[in-house]
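Take a look at the letters that make up each chain.
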Amino acid sequence: MTETSQVRATLLADRSLIRVSGEDVRGFLQGLVTQDMNAVQPGAPQWAGLLTAQGKALFDFILWDAEESGGDAILIDCEAEHREALVRRLSIYRLRRPIAIEAIEGGVHWSPEPVAGVSDPRLAELGYRWLGEAGGEAASGWREHRLRLGVTEGVAELGSDKTLWLECNAPELNGVSFGKGCYVGQEN
């Protein structure tokens, strides 16, 4: 084990978490997001987007299996600045389904070395990410590392209702399933 003084700061301070739980959460999200919810398994998070009806990116995020026994829940690793907007958008689609969509405490962590977590689902060269406590020192170098590899994320880089999802390198970064069936914006 590495001594505490040698462990790098890992918290991605610009990321937050949303918990989606209740009856048939995977079915609910399957019809909304670009990724196949069957691929979201313990230890296998997936990058996905929520699009406009015209196929333009509104939000991008990483979906995590909450690994809860006795219930169906998904954690969404999303941009902190737009977390509440994503909660509101998902709530619009919920209608009368018995599903809870809530912002929760917790942190998203990253390291270029395999100190914890799993490979980033977009590109292994991005490093490792995991969910944990929200505290701790913010990681440095993440944005530069990500952009050097040509991976954009968030409203500032992808725009909101500006860029087609396929123009965001979604196929190359495992952000779209072409075999899962219909979802909002998939016609493009």
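Calculation rules
- Residues numbered from 1 in each chain as written.
- Predicted model: local features only at pLDDT ≥ 70, side-chain atom pairs only at ≥ 80, totals over all residues.
- Heavy atoms only, no water.
- Helix = DSSP H or I, 4+ residues; strand = E, 2+ residues; numbered from the N terminus.
- Rg over C-alpha atoms; globule rule 2.2 N^0.38 Å.
- Salt bridge = Lys/Arg side-chain N within 4 Å of Asp/Glu carboxyl O.
- Buried < 20%, exposed > 50% of the residue type's maximum accessible area, 1.4 Å probe, protein only.
- Pairing = 2+ DSSP bridges.
- Core = buried A, V, L, I, M, F, W, Y, C linked by side-chain atoms within 4.5 Å.
- Contact = heavy atoms within 4.5 Å.
- Disulfide = S-S within 2.5 Å.

1. A closer look at the overall build of the protein
A count of helical and extended segments in the protein gives 4 helices and 8 strands. For the protein, the succession of helices and strands along the chain, N to C, is β-α-β-β-β-α-β-β-β-β-α-α. Relative to a compact globule of 188 residues, whose C-alpha radius of gyration would be 16 Å, the protein shows 16 Å and is just as compact. Based on the C-alpha atoms only, the size of the protein along its principal axes is roughly 50 × 40 × 30 Å.

2. As for the pattern of salt bridges
Across all of its chains, the model carries 13 salt bridges by this definition. We note a salt bridge from R26 to D72, for which the minimum N-O separation is 3.7 Å. Taken together, the residues span a long stretch of sequence, with R26 in helix α1 (residues 25–30) and D72 in the loop between β3 (57–65) and β4 (73–79) at a distance of 46 residues. Between R146 and E153 there is a salt bridge, with the nearest N and O atoms lying 3.5 Å from each other. The residues R146 and E153 share a single accessibility class, namely buried. Salt bridges sharing common partners tie together R15, D77, D120, R122, R129, R143, R146, E153 and E157.

3. Observations regarding unusual backbone geometry
Unusually for a residue other than glycine, D24 sits at a positive phi of about 55 degrees. Note that D24 resides in the loop between β1 (15–22) and α1. Among the residues examined, D24 registers a relative accessible area of 46% and is labelled partly exposed. Despite not being glycine, N169 shows a phi value in the positive range, around 65 degrees. Of note, N169 is situated in the segment after α4 (154–158). The class of N169 is partly exposed, set by a relative accessible area of 35%.

4. Concerning the sheet that holds strand β6 (residues 107–111)
The 3 strands lie next to each other as β6-β8-β7, forming an open sheet whose pairing is antiparallel. Only two strands of the sheet have a single partner each, and these edge strands are β6 and β7 (118–119). Looking at chain direction, β6 and strand β8 (residues 128–132) are connected through 5 bridges and run antiparallel. Bridging from a neighbouring strand, G107 pairs with G132 of β8.

5. Focus: the nonpolar core
The tendency in soluble globular proteins is for nonpolar side chains to be buried as a group. Among the nonpolar cores identified, the biggest contains 23 residues, and F61, L63, I76 and L86 are the most heavily contacted of them. Those elements giving two or more residues to this core turn out to be β1, α1, β2 (46–51), β3, β4, α2 (83–94) and β5 (99–104). The contacts of L86, once residues within four sequence positions are left out, are I18, L50, F59, F61, I76 and C78. Residues L12, I62, W142 and V151 belong to the second largest nonpolar core, which totals 22 residues.

6. Focus on the state of the cysteines
Under the definition given, this model contains 0 disulfides. C168 provides the cysteine sulfur closest to C78, a residue in no disulfide bond, and the two sulfurs are 17 Å apart. On the basis of relative accessible area, C78 is assigned to the buried category, the value being 3%. Since its relative accessible area comes to 5%, C168 is described here as buried.

The values are spatial; any link to function lies outside them.
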